[in-house]
Amino acid sequence: MQVLYFAWLRERIGLGREEVETQAATIADLVAELRAREDRYDLAFSDMAAVRCALDQELVPIDTPLGTAREVAFFPPMTGG
C-alpha cells in the first residue's frame, strides 16, 4: 500500500511517500503500526485530532476499513478561503 505524508507530517517523518506492507484492518490500525516503527512516526501521529486521512483520494474518518485501498494519505486540516 502506498502511504503519503504531507506538510509537517512529511517533515517529521522525513518522507513524502513510502510503500508499506500492513496487516491493518483500518486506518487507525495502520497508524498504530506506523507509530510502533520509530519515534519519528510516533511524534508525527501523536495528535490525531490534527491529522486528516484520505483513502484512495477520498476524505474518510480514521476508523475507515482499508479494504482493497491502494493509497492512504495523511495531512493536516485544510483551511479554506
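Before any of the text, the structure's been laid out above.
Residues numbered from 1 in each chain as written. Predicted model: local features only at pLDDT ≥ 70, side-chain atom pairs only at ≥ 80, totals over all residues. Heavy atoms only, no water.

J.: Residues and numbers for the side chain of Thr 64, please.
T.: Checked against the element boundaries, Thr 64 lands in the loop between β4 (58-60) and β5 (71-75). Residue Thr 64 is classed as buried on the basis of its relative accessible area of 15%. A polar atom in the side chain of Thr 64 sits 2.7 Å from the backbone oxygen of Pro 61. The contacts of Thr 64, once residues within four sequence positions are left out, are Ala 25, Thr 26, Ile 27 and Leu 55. (Helix = DSSP H or I, 4+ residues; strand = E, 2+ residues; numbered from the N terminus. Buried < 20%, exposed > 50% of the residue type's maximum accessible area, 1.4 Å probe, protein only. Polar contact = N/O pair within 3.5 Å; in protein donor to acceptor, adjacent residues only side chain to side chain. Contact = heavy atoms within 4.5 Å.)

J.: How would you sum up the pattern of salt bridges? Please name residues and give values.
T.: Two side chains of opposite charge can pair, provided their charged atoms sit close to one another. Counted according to the given criterion, the structure contains three salt bridges. Between Arg 35 and Asp 42 there is a salt bridge whose closest N-O contact spans 2.7 Å. The partly exposed category is assigned to Asp 42, whose relative accessible area is 31%. (Salt bridge = Lys/Arg side-chain N within 4 Å of Asp/Glu carboxyl O.)

J.: Could you give an account of the sheet that holds strand β3 (residues 52-55), naming the residues involved and the relevant values?
T.: One open sheet holds the five strands; their spatial order is β2-β1-β5-β3-β4, and the pairing between them is mixed. Two strands in the sheet have a free side with no partner beyond their single neighbour: β2 (17-19) and β4. Going across the sheet, the axis of each strand differs from the next one's by a mean of 25°, ignoring polarity. Bridge analysis of β3 against β5 gives four bridges, and the strand direction is antiparallel. (Pairing = 2+ DSSP bridges. Axes fitted to C-alpha atoms, helices over the stretch in contact; angles between N-to-C directions.)

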